[in-house]
Amino acid sequence: MADRVTVIGWDGSPLTDAARSALGAATLVAGAAHHLALPEVPPHAERIRLGSVTLAARRIAQHRGTAVVLADGDPGFFGVVRTLRAPEHGLEVEVVPAVSSVAAAFARAGMPWDDAQIVVAHSRDLRRAVNVCRAHTKVAVLTSPGAGPAELALLLGGVHRTFVICEDLGTDRERVTVLTSDKVADHVWRDPNVVIVVGGSPGGAAAQETGWIAGHEVGHPAGPRGWGLPARAYGGALGEGESVTLRTAQLARLGPRVGDLVWDIGTGSGAAAAEAARFGAAVIAVDADPDACERAAAVARRQGVQLQVVPGRAPQILEDLPEPDVVRVGGGGAEVVTACAARRPERIVTHAATRDEAEALGRALADGGYDVECALLQSVDLDTSVWVERERSVVFLLSGYRLSHP
C-alpha cells in the first residue's frame, strides 16, 4: 500500500503551498492529461492517466511510495475521494480541496445555490437527470460525453427552461453561455461542463426568504402536511376516482421518487399529480377536459410543485410523451391501460367501479406483461358532530407490476 495518498483539487488557480509540497514529494501521480502536464509534477514520478478511478486506486494500493491524485474542482464532491476510500482499496487519503465546479458555475452566474438540486448525468441514465430538471426550478447538472447540454435540452422537449452552460471553468478557454432550452441543441459544446437549468413556476413566499436546508427550493411553500389530502386542499369537490382512500393507496403502490417520471392520465383535479410531485418526481398530467387542465395547473401553483399539464385524449396523446417510470390511469378504460403497458413502465395503477370493469382492466395489464393485484377498497366518511354516515365509497384498485419477461 502507498505510504501516503494525497488528493489535490484543482480549479485552474495556482496550487497552494500544501499542494505543491505534496506534489513535489510524489513518487506516483495520477490525473487527467492536463493535470499531468503541470510543471509541478516531478519528472521522476510514475504517471497514471486517470480514466477508471477504480483501476487507478488498485495501482495506488500496490504502490510503495507517496501517491498524489489530481482532480478538477472539489475531489470530495461527486469526485474521486469516494472511490479511493472504498473498503476494497483500503486507502487513507488526505485531501487538499479546491472550489467545486458547481460553486464556480453558480459564481459565474451570480446566483445562490444552496437551494439547487445537483445531479450527475451519464448517457446510460440521462433521463433521470432530465426528470430532476422537469421537477425542480434550479438544477446543476454535471455532464459527461453523450449526456451534455444538447441531449438534456432535447429530452426536456416542451418543458421550457433557461440553461447557463459553463465550459472549461478556470482555464483560458472558459466560456459561459445563457440560452433558452429550445436553442441549446443548435450548438456544439465542449465536454465535460456544468449546466445550470433554471425555470418553472415558483409559488408562495418571496424569493429572498432564507432557507435552512440545502436543496430546498427557497420561496416555495412547504405544502400541506401529509398525503391523501381531503377535497378542500384542492379547491373543491373531487372526482369519483380521486377519493382520499383510493388516492393514498395508489400513491403507496406507485412509490414516486426523485428521478422518476410519472404519468397521471385523466388527472381530474390534479390532486394525485400534485401529491406525486411532492415526492420529488417529475409529473405529466394529462386530461381531455380543458377545465381539468386549468384546475391541475392551479393546484400545482398553490402547492409549489412543477407539473407539465398536457391537454388531450388518451391513448392518442400519449404517443409523443417521454417514457414513464410509473403510471396512474384515472380514466379511459382498458384501451388506455393497454397503451400505457406498451411503454413498459415499472408500475401501473388504475381503478374500476364494477367487477366487470375490473376484470377487463386486469386482463389488459396481464396481457401487457404485468403481474396484477386487485383489492376492493371501502371507506365510510362520518359526520363526527352526530356520528352518522356522510358518504360511502367502494372501488376496485388494480395494480400492475412489470414482469421481467412479459
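Since the structure is predicted, the reported quantities are computational estimates derived from the model, not experimental observations.

Caption draft 1: Looking closely at empty space enclosed by the protein. Considering all chains together, one arrives at 1 cavity of 30 Å³ or more under this definition. In this structure, the largest cavity spans a volume of roughly 40 Å³. When residues of the lining of the largest cavity are traced back to their parent elements, those giving at least two are α9 (244-254), β11 (261-265) and α10 (271-277).

Caption draft 2: Structural detail: the packing of aromatic side chains. In total, this model carries 3 aromatic pairs according to the counting rule given. Taking 5.1 Å as the distance between ring centres and 75° as the angle between the ring planes, the aromatic pair formed by Phe77 and Phe78 counts as edge-to-face. When the ring of Phe106 is compared with that of Trp113, the centres are 6.0 Å apart and the planes differ by 10°; the resulting orientation is stacked.

Caption draft 3: Spatial organisation of the sheet that holds strand β8 (residues 162-167). Here 5 strands make up an open sheet; going across it, the order is β6-β7-β10-β8-β9 and the pairing mixed. Looking along the sheet, the strands with just one partner apiece sit at the ends: β6 (117-120) and β9 (175-180). Going from strand to strand, the sheet's axes swing by 20° on average, the running direction of each strand aside. Here β8 runs beside strand β10 (residues 193-198); their pairing, made up of 6 bridges, is antiparallel. Residue pairing in the sheet places Ile165 in a bridge with Val195 of β10.

Caption draft 4: Expanded view of the packing of helix α12 (residues 333-341) against helix α13 (residues 355-367). For the pair α12 and α13, the least separation of the axes is 9 Å and the interaxial angle reads 15°. Classified by the angle their axes make, α12 and α13 are roughly parallel. Crossing angle aside, the handedness with which α12 passes α13 is right-handed. Of the residues in α13, those in contact with Gly333, Ala334, Val337 and Thr338 of α12 are Ala360, Leu361, Ala364 and Leu365.

Caption draft 5: Region of interest: the nonpolar core. Trp263, Ile265, Leu318, Cys340 and Ile348 are the most contacted members of the largest nonpolar core, which totals 26 residues. Elements that contribute at least two residues to this core include exactly β11, β12 (282-287), β14 (326-329), α12, β15 (347-352), α13 and β17 (388-402). Apart from the residues lying within four places of it in its own chain, the contact partners of Ile265 are Val286, Ala314, Leu318, Val327, Arg328, Val329, Gly330, Gly331, Val336 and Cys340. One finds Phe163, Ile165, Val195 and Val197 within the second-largest nonpolar core, a separate group that totals 21 residues.

Caption draft 6: How the structure looks around the sheet that holds β14. With mixed pairing, 7 strands are arranged side by side in an open sheet as β13-β12-β11-β14-β15-β17-β16. Two strands lie at the open edges of the sheet, namely β13 (308-311) and β16 (370-383), each paired on one side alone. With strand direction ignored, the average angle separating the axes of adjacent strands in the sheet is 20°. Sheet topology note: the β16/β17 ladder contains 14 bridges and is antiparallel. Note that in β17 the partner of Asp381 across the bridge is Glu391. Most of the contacts of α12 go to β14, to which it runs at about 175°, and overall it touches β11, β14, β15 and β16. Packing against the sheet, α13 makes contact with β15, β16 and β17, and its axis sits at approximately 20° to β17.

Caption draft 7: Spatial organisation of a nonpolar patch on the surface. Residues Val380, Leu382 and Trp387 make up a contiguous nonpolar surface patch of roughly 310 Å² in combined accessible area. Within the secondary structure, Trp387 sits in the loop between β16 and β17. Its relative accessible area of 61% is what places Trp387 among the exposed residues.

Caption draft 8: Main features of the pairing of β11. Buried residues dominate β11, accounting for 5 of its 5 residues. Burial of β11 is two-sided: the residues Leu261, Trp263 and Ile265 facing one way and the residues Val262 and Asp264 facing the other way are all buried. Considered for its hand, the β-α-β crossover made up of β11, α10 and β12 is right-handed. Pairing of β11 with β14 involves 4 bridges; the strand directions are parallel.

Reading guide: rules and limits
Residues numbered from 1 in each chain as written. Predicted model: local features only at pLDDT ≥ 70, side-chain atom pairs only at ≥ 80, totals over all residues. Heavy atoms only, no water. 1 Å grid on protein atoms, 1.4 Å probe; cavity = no way out; pocket = protein on both sides within 12 Å on 5 of 7 lines; lining within 4 Å. Points joined across faces, edges and corners; volume = space filled by probe spheres on them. Helix = DSSP H or I, 4+ residues; strand = E, 2+ residues; numbered from the N terminus. Phe/Tyr/Trp six-rings, centres within 6.5 Å; stacked < 30°, edge-to-face > 60°. Pairing = 2+ DSSP bridges. Axes fitted to C-alpha atoms, helices over the stretch in contact; angles between N-to-C directions. Parallel < 35°, antiparallel > 145°, perpendicular 65-115°, else oblique. Left-handed = near helix turned anticlockwise from the far one by under 90°. Contact = heavy atoms within 4.5 Å. Core = buried A, V, L, I, M, F, W, Y, C linked by side-chain atoms within 4.5 Å. Buried < 20%, exposed > 50% of the residue type's maximum accessible area, 1.4 Å probe, protein only. Patch = residues over 30% accessible without salt bridge, like charges linked within 9 Å, V, L, I, M, F, W, Y side chains within 5 Å. Areas by Shrake-Rupley, 256 points an atom, 1.4 Å probe, with all protein chains shown as cover. Salt bridge = Lys/Arg side-chain N within 4 Å of Asp/Glu carboxyl O. Right-handed = clockwise from strand over helix to strand, strands pointing away.

Limitation: the analysis is restricted to geometry and does not speak to function.
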